[in-house]
Amino acid sequence: MKLYNSLTRTREEFRTHEPGKCRMYTCGPTVYHYAHIGNLRSYIMEDVLEKYLRYTGLDVTRCMNITDVGHLTSDADTGEDKMLKGARREHKTVMEIAKFYTDAFFADCRKLNIKIPEIVVPATSYIDKFIHMIEVLLEKDYAYLSGGNVYFDTSKLENYYVFGNQEAEDLAVGVREGVEADEAKRNKTDFVLWFTKSKFEDQELKWDSPWGVGYPGWHIECSAISLWNLGEYLDLHCGGIDNAFPHHTNEIAQSEAYLGHPWCPQWFHVLHLNTSAGKMSKSSGEFLTVSLLEEKGYDPLVYRLFCLGSHYRKSLVFSWEGMDSTKTAYQKLVGRIAALSPEDGPIDEEAFAALRARFAEAMDNDLNTALAVTALYDVLKAKTDDATKRALIADFDRVLSLGLLEAAEKVRIAQKAVADAAKAASDAAGEAGLVVTCLTEGVDPAAAAEVEALIRERADAKKAKDFAAADAIRDRLAAMGVTLKDAKGAVSWEMK
Ligand code: AMP
Ligand code: ZN
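Attention here is on the structure that accompanies the text. Quantities reported herein were computed from a predicted structural model and do not represent experimental measurements.

**Some words on the overall build of the protein chain**
Right, so step 1: Counting its secondary structure elements, the protein chain contains 16 helices and 17 strands.
Right, so step 2: Each principal axis of the C-alpha distribution contributes one length, and for the protein chain these read about 95 × 55 × 35 Å.
Right, so step 3: Out of the 496 residues in the protein chain, the part that is buried amounts to 39%.
Right, so step 4: Sequence separation of at least 24 residues holds for 74% of the intrachain contacts in the protein chain that already meet a minimum separation of 6.

Here it is in structure tokens:
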């Protein structure tokens, strides 16, 4: 598989340190608020990547942190701890806020079919490991104490701007954020490993340390959690693009200084989801959540499909129009799958291999999920039997996780219920002979029931020779986008 590597800025063949195994780390959420659908874009794309790596046969171990301390309102070391801000907003303790929003994040993941990594570590549970790592960095002279805090000394590194695309001056702490530079730092790019001296005396969670009572910096958590759970050689590190600097840059600095050798050769960054008004951010107060999508009538999996429809290395602009067209596409796709015969049968191996190769080719090409989704349509169009088509859809959906067969089954059950109800109604009305068939795939079951009821009413009107009423119903159906084809004892219909 070829995957773009932010570290080398090229597409490279994906390799792992130990053949057959992949150790993957993901920066988890800062749990001071709900995740917004931008955050979840990153987690969806990382989920697809993990599942595809498994699909190719790799044994993946994935670890994710939960940031429940130390992430300040600026990604540089200034501002207030975001957790404290969340706690104050809701008149709760930091740990209550952390528990509530961690659970909310997992609930969103489940709705979006995002697999929760097997190892999840809250930062507050690893304080002793952070302290140990900082002690080693001090011993190795990569860190220093100044003004009560422990800092990482970036001047000790040959190559600090590892992602190579930052203008050092623009990004240097104090310049970028337009805040006062920290006088205690030796170099502008140095960052805090341990705070004892905070502007915020009411920092709720504090721990004893060799340098005084305080709390860890944000970056140290991901280095320590990754090293303790995935070992000295990480294969793949993921996060949203905003994490590349300073967070990932600082993670690399600390981890390699601590280990004394290169740490993670492959970095996967997801570009942002934006609104037409610009960046989506949790701190701005107003943001889009999975619950809001549901309130507006969208299945969260429609949002997953919306994300899969564009490449992870392009920023994506969210729009309700985009969601509407994705919803229609999802319903049509599910409708077409529901129309496949549910009978199991022997698999057409040749067709299976050829269509699977198309899917794999798309995914191997730097995770081209949009093309992988079109491979689903290729399956539906293919000249092969329905059992093979269903097997292919199940196979692709191990990675895409769009819940396609499950949704199709629900449609089939709903269609059957509608047909049974209509039949019962027509039997009761003495119309047992009229067969009504819908020729359009993916019509909403409630809408289909309404159309069918009108068609039967029209048949009754015709029988009673009330042609004006029959025509009025035909016009009403036409206004709904429904066209009718009458045959003897049967009416079929299509919806635009
Ligand atoms: P946070 O909860 O702020 O620590 O962010 C969680 C994840 O979401 C990180 O990987 C961020 O890089 C990522 N992220 C933040 N904003 C966006 C966005 N608008 N679009 C995509 N990913 C984002
Ligand atoms: Zn991280």
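Picking up where we left off.
**Here's the deal with the site of ligand 1**
Right, so step 1: Lining the immediate surroundings of ligand 1 are 17 residues, of which G38, N39, S42, G240 and H272 lie closest.
Right, so step 2: Among the elements of the structure, α1 (37–55) and β10 (236–240) are those that each provide at least two residues to the shell around ligand 1.
Right, so step 3: Broken down by element, the shell around ligand 1 gets its largest block of residues, four residues, from α1.
Right, so step 4: Here the residues of the shell around ligand 1 sort into five nonpolar, nine polar and three charged.

**So, the pairing of strand β11 (residues 267–270)**
Right, so step 1: The side-chain alternation of β11 yields two buried faces, one formed by W267 and H269 and the other by F268 and V270.
Right, so step 2: Where β10 and β11 come together, four bridges link them in parallel fashion. Considered in β11, the bridge of C238 is made with F268.
Right, so step 3: Note that the unit made of β10, helix α7 (residues 244–259) and β11 has a crossover that is right-handed.

**Things to note about the pairing of strand β8 (residues 191–195)**
Right, so step 1: For β8, the buried fraction is high: five of the five residues fall into the buried class.
Right, so step 2: Two elements, strand β7 (residues 149–152) and β8, share three bridges in a ladder whose sense is antiparallel. Looking across to β8, one finds that Y151 is bridged to V192.
Right, so step 3: Examined bridge by bridge, β8 and strand β9 (residues 215–216) share two bridges and lie antiparallel to one another. Of the residues in β9, the one forming a bridge with W194 is P216.

**Looking at the sheet that holds strand β13 (residues 278–279)**
Right, so step 1: With respect to topology, three strands assemble into an open sheet ordered β13-β12-β14, the strand pairing being mixed. The open sheet terminates on both sides in strands that have one partner only, identified here as β13 and β14 (316–317).
Right, so step 2: Judged from the two bridges that link them, strand β12 (residues 273–275) and β14 form a sheet pairing that is parallel. Paired with L273 across the two strands is L316, which belongs to β14.

**Topic: the packing of α1 against helix α13 (residues 386–400)**
Right, so step 1: Contact geometry of α1 with α13 gives a least axis separation of 7 Å together with a crossing angle of 130°. One element, α1, and the other, α13, form an angle in the oblique class. Contact with α1, carried on its side by V48, K51, Y52 and Y55, involves R398, V399 and L400 of α13 and no other residues of that element.

**Describing the nonpolar core**
Right, so step 1: In terms of nonpolar packing, the biggest core is built from 105 residues, with V48, I134, L137, L193 and F396 touching the most fellow members.
Right, so step 2: Per-element tally for this core: the top contributor is α1, with nine residues.
Right, so step 3: Among the domains, domain 1 (2–279) and domain 2 (296–406) are the pair contributing at least three residues each to this core.
Right, so step 4: Among the nonpolar cores identified, the runner-up in size contains 10 residues, and A448, V451, I455 and W493 belong to it.

**Section: the sheet that holds β10**
Right, so step 1: Taken in spatial order, the five strands line up as β5-β4-β3-β10-β11 in an open sheet, and their pairing is parallel. For this open sheet the edge positions go to β5 (119–122) and β11, each flanked by a neighbour on one side alone. With direction set aside, neighbouring strand axes in the sheet form an average angle of 20°.

**Digging into helix α6 (residues 219–230)**
Right, so step 1: Between the first and last C-alpha of α6 there are 17 Å, a value that for 12 residues agrees with the 16 Å anticipated at 1.5 Å per step.
Right, so step 2: Of the residues making up α6, those classed as buried are H219, I220, E221, C222, S223, A224, I225, S226, N229 and L230.
Right, so step 3: In the stretch just after α6, G231 is the one whose phi turns positive, near 85°.

**A closer look at the environment of Y377**
Right, so step 1: By the secondary structure assignment, Y377 is in helix α12 (residues 369–381).
Right, so step 2: On the neighbour-count criterion, Y377 (13 C-beta atoms within 10 Å) is partly exposed.
Right, so step 3: Sequence separation between Y377 and R336 is 41 residues; the distance between their C-alpha atoms is 9.5 Å.

The rules we used
Residues numbered from 1 in each chain as written. Chains lettered and ligands numbered in written order. Predicted model: local features only at pLDDT ≥ 70, side-chain atom pairs only at ≥ 80, totals over all residues. Helix = DSSP H or I, 4+ residues; strand = E, 2+ residues; numbered from the N terminus. Buried ≥ 20, exposed ≤ 12 C-beta atoms within 10 Å, placed from the backbone. Contact = placed C-beta atoms within 7 Å. Near = placed C-beta within 6 Å. Nonpolar A, V, L, I, M, F, W, Y, C, P; charged D, E, K, R; others polar. Pairing = 2+ DSSP bridges. Right-handed = clockwise from strand over helix to strand, strands pointing away. Axes fitted to C-alpha atoms, helices over the stretch in contact; angles between N-to-C directions. Parallel < 35°, antiparallel > 145°, perpendicular 65-115°, else oblique. Core = buried A, V, L, I, M, F, W, Y, C linked by C-beta atoms within 7 Å. Domains from an automatic or database assignment. Expected span 1.5 Å × (residues − 1).

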